[in-house]
Amino acid sequence: EDIVKTAMTAAMSPYREDITLHAVGLGARGLSKDPYRSFCRLVESGNSNLTWRIKEHDSWASFLAWLGEFGVVDAGADQPLHEGPV
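Residues numbered from 1 in each chain as written. Predicted model: local features only at pLDDT ≥ 70, side-chain atom pairs only at ≥ 80, totals over all residues. Heavy atoms only, no water.

Caption draft 1: Spatial organisation of the pairing of strand S1 (residues 20–24). Judged from the 5 bridges that link them, S1 and strand S2 (residues 53–57) form a sheet pairing that is parallel. Across the sheet, residue Leu-21 finds its bridge partner in S2, namely Ile-54. (Pairing = 2+ DSSP bridges. Helix = DSSP H or I, 4+ residues; strand = E, 2+ residues; numbered from the N terminus.)

Caption draft 2: Molecular detail of the nonpolar core. Formed by Ala-7, Ala-10, Ile-19, Leu-21, Ala-23, Leu-31, Phe-39, Cys-40, Val-43, Leu-50, Trp-52 and Ile-54, the largest nonpolar core amounts to 12 residues. Of all the elements in the fold, those that place two or more residues in this core are helix H1 (2–12), S1 and helix H2 (36–44). With 3 residues, H2 is the largest single contributor of residues to this core. Once you skip the residues sitting within four places of it in the chain, Ile-54 turns out to touch Leu-21, Leu-31, Cys-40, Val-43 and Glu-44. (Core = buried A, V, L, I, M, F, W, Y, C linked by side-chain atoms within 4.5 Å. Buried < 20%, exposed > 50% of the residue type's maximum accessible area, 1.4 Å probe, protein only. Contact = heavy atoms within 4.5 Å.)

Caption draft 3: Local environment of the environment of Gly-27. Summarising the element assignment, Gly-27 is placed in the loop between S1 and H2. A relative accessible area of 45% places Gly-27 in the partly exposed class. Residues Gly-27 and His-57, 30 residues apart in the sequence, show an inter-C-alpha distance of 8.6 Å.

Caption draft 4: Spatial organisation of a nonpolar patch on the surface. On the surface, Val-4, Met-8 and Met-12 cluster together into a nonpolar patch covering about 340 Å² of accessible area. Of note, Met-8 is situated in helix H1. (Patch = residues over 30% accessible without salt bridge, like charges linked within 9 Å, V, L, I, M, F, W, Y side chains within 5 Å. Areas by Shrake-Rupley, 256 points an atom, 1.4 Å probe, with all protein chains shown as cover. Salt bridge = Lys/Arg side-chain N within 4 Å of Asp/Glu carboxyl O.)

Caption draft 5: How the structure looks around the packing of aromatic side chains. A complete count under the given rule lists 2 aromatic pairs for this structure. Ring geometry for Phe-39 and Trp-52: centres 6.0 Å apart, planes at 80°, overall edge-to-face. Note that Phe-39 is positioned in helix H2 and Trp-52 in the loop between H2 and S2, a separation of 13 residues in sequence. Look at Phe-39 and you get buried, because its relative accessible area is 18%. When the ring of Trp-60 is compared with that of Phe-63, the centres are 5.7 Å apart and the planes differ by 80°; the resulting orientation is edge-to-face. Remark: Phe-63 and Trp-60 occur in helix H3 (residues 60–69); sequence separation between them is 3 residues, near one turn of the helix. In this structure Phe-63 comes out as buried when scored by relative accessible area, which is 16%. (Phe/Tyr/Trp six-rings, centres within 6.5 Å; stacked < 30°, edge-to-face > 60°.)

Now the structure itself:
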């Protein structure tokens, strides 16, 4: 529900914001079934100011590893590398 509200807000925004949605632990083909499939198709379509990128992660560990690649968190620890919000 919160993701749909975010999509509605982004669609109404006058700004073209880069948004990446991270889906964690939905399993193989988790986003290929409705209602997820329809939602993903809409937000990735470019229509109504929606040009989201969707990145799937098998587990929280793989999500943290992905964040570690960008220096947001140390993939070997559960603590952020900085003090402020991500």
